[in-house]
Amino acid sequence: MESLAQLEVLCERLYNSQDSAERMHAENTLKCFSTNIDYISQCQFILDNALTPYALMLASSSLLKQVTEHSLSLQLRLDIRNYIVNYLANRGPELQSFVIGSLVQLLCRLTKFGWFDDDIFRDVVKESIKFLSQATSDHYAIGLRILNQLVSEMNQPNPGVPSSHHRKVACSFRDQSLFQIFQISLTSLHQLKNDAMSRLQELALSLSLKCLSFDFVGTTIDESSEEFGTVQIPSSWKPLLEDLSTLEIFFDYYALTKPPISKESLECLVRLASVRCSLFTNDATRTKFLDHLISGTKEILRTGQGLADHDNYHEFCRLLGRFRVNYQLSDLVIMDGYSDWIRLVAEFTSKSLLSWQWASSSVYYLLGLWSRLVSSVPYLKGDAPSLLDEFVPKITEGFITSRLDSAQAGLPDDISEHPLDNVDLLQDQLDCFPNLCRFRYESSSMFLINVMEPILQIYVEKAQLQTGDTSELSVVEAKLAWIVHIIAVIVKIKQCAGSSVESQEVIDAELSARALRLVNVADSGLHSQRYGEISKQRLDRAILTFFQHFRKNYVGDHAMHSSKQLYARLSDLLGLHDHLLLLDFIVRKIATNLKCYVESEEVIDHTLSLFLELASGYMTGKLLLKLDSVKFILLHHHKEHFPFLEEYRCSRSRTTFYYTIGWLIFMEDSTILFKPSMDALLKVFMTLESTPVTMFRTDSVKYALIGLMRDLRGIAMATNSRRTYGLLFHWIYPHMPILLRGISHWADTPEVTTPLLKLMAEFVLNKSQRLTFDTSSPNGILLFREVSKLLVAYGTKILTLPNVTDIYSFKYKGIWISLTMLSRALAGNYVNFGVFELYGDRALADALDIALKMTLAIPLADILAYRKLTRAYFAFLEVLFNSHNVFVLNLEANTFIHIVGSLESGLKALDTGISSQVYYDESIPDGSFSTIAAYILLSATAHPLL
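Residues numbered from 1 in each chain as written. Predicted model: local features only at pLDDT ≥ 70, side-chain atom pairs only at ≥ 80, totals over all residues. Heavy atoms only, no water.

In the nomenclature of an unreviewed UniProt entry, the protein corresponds to Exportin-7 isoform X1 from the organism Olea europaea subsp. europaea. In its Sequence similarities (unreviewed entry) section, the UniProt record describing the protein reads: "Belongs to the exportin family." (UniProt positions renumbered as here; feature names shortened; annotations may be inferred.)

1. With respect to the overall build of the protein
When helices and strands are counted, the protein shows 50 helices and two strands. Along the first, second and third principal axes, the C-alpha atoms of the protein reach 90 × 85 × 50 Å. The proportion of buried residues among the 946 residues of the protein is 52%. Sequence separation of 24 or more characterises 76% of the internal contacts of the protein that already satisfy a separation of 6 or more. Within the structure as shown, the protein displays about 41,000 Å² of accessible surface, and the carbon and sulfur contribution to it stands at 52%. (Helix = DSSP H or I, 4+ residues; strand = E, 2+ residues; numbered from the N terminus. Buried < 20%, exposed > 50% of the residue type's maximum accessible area, 1.4 Å probe, protein only. Contact = heavy atoms within 4.5 Å. Areas by Shrake-Rupley, 256 points an atom, 1.4 Å probe, with all protein chains shown as cover.)

2. Quick look at the packing of aromatic side chains
Counting across every chain of the model gives 42 aromatic pairs. Ring centres of phenylalanine 784 and phenylalanine 836 lie 5.5 Å apart, and the angle between their planes is 55°; this geometry places the pair in the tilted category. Taken together, the residues phenylalanine 784 in helix α41 (residues 779-800) and phenylalanine 836 in helix α43 (residues 834-838) connect sequence positions 52 residues apart. The same class applies to phenylalanine 784 as to phenylalanine 836, namely buried. Grouping aromatic residues by their ring pairs yields a cluster made of Trp115, Phe173, Phe179, Phe182, Phe214, Phe216 and Trp237. (Phe/Tyr/Trp six-rings, centres within 6.5 Å; stacked < 30°, edge-to-face > 60°.)

3. Describing the packing of helix α22 (residues 388-408) against helix α25 (residues 441-463)
In contact at an axis separation of 10 Å, α22 and α25 are set at 20° when each is read in the N-to-C sense. What the angle tells us is that α22 and α25 run roughly parallel. Remark: the crossing between α22 and α25 carries right-handed chirality. Of the residues in α25, those touching α22 at Thr396, Glu397, Ile400, Thr401 and Leu404 are Ser444, Phe447, Leu448, Val451 and Ile455. (Axes fitted to C-alpha atoms, helices over the stretch in contact; angles between N-to-C directions. Parallel < 35°, antiparallel > 145°, perpendicular 65-115°, else oblique. Left-handed = near helix turned anticlockwise from the far one by under 90°.)

4. Some points on the UniProt feature "domain: Importin N-terminal" (unreviewed entry) in the protein
Following the UniProt record, the feature "domain: Importin N-terminal" (unreviewed entry) maps to residues 26-90 here. Secondary structure across residues 26-90 divides into 82% helix and 0% strand, with the first and last C-alpha atoms of the span separated by 30 Å.

5. A few points about the state of the cysteines
Overall, the coordinates contain zero disulfides when judged by the stated rule. For the unlinked cysteine cysteine 596, the closest cysteine sulfur is that of cysteine 650, found at 13 Å. (Disulfide = S-S within 2.5 Å.)

6. Some words on the pattern of salt bridges
In the structure shown here, the tally under the stated rule is 43 salt bridges. Residue arginine 440 is joined to aspartate 389 by a salt bridge in which the shortest nitrogen-to-oxygen separation is 2.4 Å. You can see arginine 440 sitting in the loop between α24 (433-439) and α25 and its partner aspartate 389 sitting in helix α22, a full 51 residues away along the chain. Since its relative accessible area comes to 47%, aspartate 389 is described here as partly exposed. Here aspartate 508 makes a salt bridge to arginine 438, at a shortest N to O gap of 2.9 Å. (Salt bridge = Lys/Arg side-chain N within 4 Å of Asp/Glu carboxyl O.)

7. A closer look at the packing of α41 against helix α44 (residues 843-856)
Their axes nearest at 9 Å, the elements α41 and α44 cross at an angle of 35°. As for the relative orientation of α41 and α44, their crossing is left-handed in sense. Residues Phe784, Arg785, Ser788, Leu791, Val792, Tyr794, Gly795, Thr796, Ile798 and Leu799 of α41 form the contact with α44, whose own contacting residues are Ala843, Leu844, Asp846, Ala847, Ile850, Ala851, Lys853 and Met854.

8. What to know about the nonpolar core
By size, the foremost hydrophobic cluster in this structure holds 312 residues, and its most contacted members are Trp341, Trp370 and Phe657. The element best represented in this core is helix α26 (residues 470-492), accounting for 14 residues. Sequence-distant contacts of phenylalanine 657, defined by excluding residues within four places in its chain, comprise Leu594, Leu608, Phe611, Ile633, His637, Phe642, Phe644 and Leu645. (Core = buried A, V, L, I, M, F, W, Y, C linked by side-chain atoms within 4.5 Å.)

9. As for helix α38 (residues 722-732)
Buried residues dominate α38, accounting for eight of its eleven residues. What α38 keeps buried is the set Thr724, Tyr725, Gly726, Leu727, Leu728, Phe729, Trp731 and Ile732. Check the buried side of α38 and you find it contacts α35 (674-677), α36 (679-689), α37 (699-717), α39 (736-745), α40 (750-763) and α41.

10. Considering the confidence of the model for the protein
Confidence in the prediction of the protein, expressed as mean pLDDT, is 88, and 92% of residues score 70 or more. Per-element mean pLDDT across the protein ranges from 34 in strand β1 (residues 918-919) up to 97 in α40. Overall, residues 222-226 carries pLDDT values under 50, and its contacts beyond four positions in sequence, including any with other chains, amount to four contacts. (pLDDT = per-residue confidence, 0-100.)

11. A short note on the environment of lysine 381
Among the secondary structure elements, lysine 381 is positioned in the loop between α21 (363-375) and α22. Along the backbone, lysine 381 and serine 330 are 51 residues apart, and their C-alpha atoms lie at a distance of 7.0 Å.

12. Describing the side chain of arginine 77
Within the secondary structure, arginine 77 is located in helix α6 (residues 74-91). The exposure class of arginine 77 is buried, given its relative accessible area of 12%. Contacts of arginine 77, omitting those with residues within four sequence positions, involve Leu72, Leu110, Phe113, Gly114, Asp117 and Phe121.

13. So, α6
Compared with the 26 Å implied by 1.5 Å per residue over 18 residues, the 25 Å span of α6 between its first and last C-alpha is a close match. When α6 is considered as a whole, its buried residues turn out to be Arg77, Leu78, Ile80, Arg81, Tyr83, Ile84, Val85, Tyr87 and Leu88. On its buried side, α6 packs onto α4 (40-49), α5 (53-69), α7 (97-113), α8 (124-132) and α9 (137-155). (Expected span 1.5 Å × (residues − 1).)

14. What about the side chain of glutamate 127?
When you line up the elements, glutamate 127 lands in helix α8. Not counting the four nearest positions on each side in its chain, glutamate 127 is found in contact with Arg81 and Val85.

15. Topic: the environment of serine 208
Relative to the elements of secondary structure, serine 208 occurs in helix α11 (residues 198-212). The exposure class assigned to serine 208 is buried, which follows from its relative accessible area of 0%. Sequence separation between serine 208 and lysine 758 is 550 residues; the distance between their C-alpha atoms is 53 Å. Once residues within four sequence positions are removed from consideration, serine 208 is found in contact with Phe182, Ser185, Leu186, Leu189, Phe250 and Cys268. A polar contact is formed between the side chain of serine 208 and the side chain of serine 185, at a distance of 2.8 Å. (Polar contact = N/O pair within 3.5 Å; in protein donor to acceptor, adjacent residues only side chain to side chain.)

16. Let's talk about unusual backbone geometry
Between proline 259 and the following residue, proline 260, the backbone shows a cis peptide bond with an omega angle of 5°. Position of proline 260 relative to the elements: it lies in the loop between α13 (244-256) and α14 (261-273). Backbone geometry at leucine 387 places phi at a positive 65°, although glycine is not the residue there. Among the residues examined, leucine 387 registers a relative accessible area of 27% and is labelled partly exposed. The phi dihedral of serine 768 is positive, around 55°, even though this residue is not glycine. Its relative accessible area of 56% is what places serine 768 among the exposed residues.

Structure follows, in structure tokens:
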């Protein structure tokens with residue numbers, strides 16, 4: 001570097017240039033500052049002499065990377081630490097904010113990494129107090145920023161640092177410094193309360209929030225989630241939490257400030273409302289704390305202050321929702337202001353439900369609160385009225401009305417925006433509703449029926465027309481979809497305490513009958529021509545959801561001899577008097593969906609999921625085999641009856657479809673169902689076998705192969721015993737040449753090779769000891785020979801093909817599936833591999849050779865970059881070293897060194913699939929290997945090179 005000025009120009013380009021080539025050149029030129037420890041002194045020189053903030057940023061970020069990635073000496077780290085503290089004190093006020101942030105992060109990283117190395121590192125809080133005691137607001141802000149970053153740094157694990165060490169540092173910091181920092185934040189809030197500088201107020205509030213959000217007990221809360229459990233604040237904080245001024249200061253700040261500061265005040269209150277009950281000295285102090293929470297939230301509810309801001313509104317809903325975490329209904333009803341508070345909460349909830357477009361993501365917390373209150377009613381003691389009888393039915397009705405209003409508004413069809421397509425939001429909103437509805441079930445169900453009947457009547461009338469207003473029909477279908485979703489979640493919970501089973505079953509039958517009646521209407525007349533309409537698809541997805549929830553309580557294995565009242569009422573309303581008739585009704589809807597839906601993968605997948613649930617239940621599966629509709633499916637599972645099988649976009653669904661069919665045909669002990677059910681697949685095999693070699697690269701053969709491989713994989717997945725696997729093995733083995741021909745002709749086409757290799761990977765997997773052949777049987781050897789042939793054919797071709805842009809899909813995916821297939825075959829314990837060498841059979845040697853060649857053809861960086869490839873690679877090495885170390889010991893020197901080097905890289909990888917093979921022992925400087933990894937390396941040391 002010729003001059004500091006030249007470096008400043010490069011830094012300007014690094015951070016500001018719009019030209020990627022310029023940025024890359026600058027990055028490569030300046031990389032030495034962050035990778036070479038000899039440049040640490042140069043970084044200090046830049047900090048002392050540079051004039052541009054970008055040069056200062058380079059020096060600071062480079063030092064941060066050096067400290068994080070290199071093991072620097074204790075004295076050097078102390079020198080850097082002291083230098084940064086003095087630098088911030090002397091030059092901090094004149095620096096750009098992003099430079100200060102980087103320097104503060106460097107100081108806090110040094111503090112964390114040196115926490116147990118020297119007591120000086122633990123003095124950072126004292127250093128921060130010195131900044132706070134300075135006369136200037138800039139120094140005060142730097143002090144608060146240091147404490148903010150320090151708490152964040154201590155709470156966040158660092159890559160490459162063992163989790164046990166992180167927890168030791170975090171716990172030590174929690175016990176020695178965190179309480180003092182929280183006190184500093186509260187003192188700052190009191191001092192800054194009347195200060196006009198919102199910047200300092202925001203920093204102080206942020207510091208309080210970080211302290212209250214600290215992972216006190218090592219639960220590793222998901223930062224991306226809004227949900228957390230009880231806040232486990234240490235007992236030493238008790239006096240501060242019992243001091244009501246702590247709670248009041250955050251309510252005061254909410255009242256005095258504007259967003260985003262007011263939002264952080266509410267976030268602090270959310271944490272305080274979640275403090276564990278056992279923290280308080282006695283019930284009296286806890287009651288006072290609750291009383292102040294109720295008073296504060298009641299005032300916000302009364303005035304509505306700040307709730308026009310969406311972030312405030314959402315956070316306030318979370319605050320109300322936290323009442324359900326720590327407080328029972330019995331705690332609330334004895335409060336003096338409870339009646340006013342519960343009335344205001346009810347009004348607020350009703351308004352939120354009406355504002356569904358604005359508050360859709362916030363309603364979840366309010367409904368959760370009401371659900372918890374309702375579930376506590378049976379345990380309520382004393383004479384204090386809960387007033388829930390007055391408010392809960394109104395909220396229930398308001399929720400139903402608001403969902404129908406949202407349908408009437410005609411929201412866009414974008415899946416990411418429509419509430420009926422947002423599965424997570426839909427589940428959040430509906431999960432809490434059953435408890436509310438069943439609280440006064442008779443009146444709530446009557447309201448729902450009265451709402452549904454006229455809408456259903458309109459839908460019945462529309463079915464009889466030749467044409468209709470599409471937009472009007474879409475609205476009707478959206479309303480019915482909401483109603484069916486609501487009925488589905490209601491019947492999902494069979495009963496609530498306080499009501500008789502019989503009475504609730506009758507009401508469940510009344511609601512279910514409407515949903516079942518809708519099924520017939522939706523597939524008749526004009527509606528039978530609307531399967532391509534998205535509103536019709538939403539309605540059918542709602543119906544499938546209803547079937548899934550309904551069958552768990554009333555059709556599932558545990559419900560076979562109960563639910564008499566429900567079936568008696570269904571018999572009166574629809575003539576469905578037992579499980580068998582209802583199952584037949586559901587299966588006919590499944591068949592209709594699979595027949596009529598060709599363009600909607602979502603409906604097909606949802607339908608197949610329901611079908612699989614029914615088939616995999618022991619009693620429901622047995623009942624299904626009695627149905628003519630199921631027998632028809634088992635004998636006619638081809639594209640003429642189920643057109644979705646012909647659609648390439650639904651090809652993945654074929655595996656689920658045939659997995660379900662496999663469950664059913666293997667459920668009986670006899671082979672009566674197996675051969676007739678496999679006739680359709682046998683015809684495909686026969687067609688492919690009769691196809692000339694010259695015609696094997698046609699599209700018809702391609703799609704036939706793809707479909708057949710996916711179908712057979714589904715059947716193979718369903719074989720869970722020696723008997724069922726034997727049936728499939730003897731059926732498929734004569735046709736193995738077709739698989740070899742397919743892989744040979746289509747090795748360059750991942751659409752074909754992926755399902756084919758996945759089929760074989762499933763077929764050789766010895767799950768549940770299904771691959772247990774007789775002692776004298778050659779089947780294990782025959783199977784492995786086929787695996788070897790496929791592997792050699794694929795590997796030989798794929799290694800000769802040039803790389804493409806999407807190399808993972810084109811090469812790596814097929815290679816990792818091949819490695820998985822071979823690993824499973826080698827570890828299946830159904831082949832005596834000594835036989836191959838004894839009789840001069842090259843099957844084993846060829847398979848290992850080509851597998852190794854494929855792994856060596858992939859750069860190690862790429863192996864570690866793709867998770868599935870990484871797992872397959874190390875699983876292959878594990879099997880190789882465990883059972884075939886003679887092969888390893890005969891490898892060439894360079895190959896062996898490469899493999900051992902890859903083991904080291906794998907053990908250092910952060911991927912959970914690899915890190916599960918490694919654990920760290922702090923008594924050993926570099927950690928210690930697990931049993932598997934240690935065995936691999938111990939075996940490797942037998943190599944002549946070592």
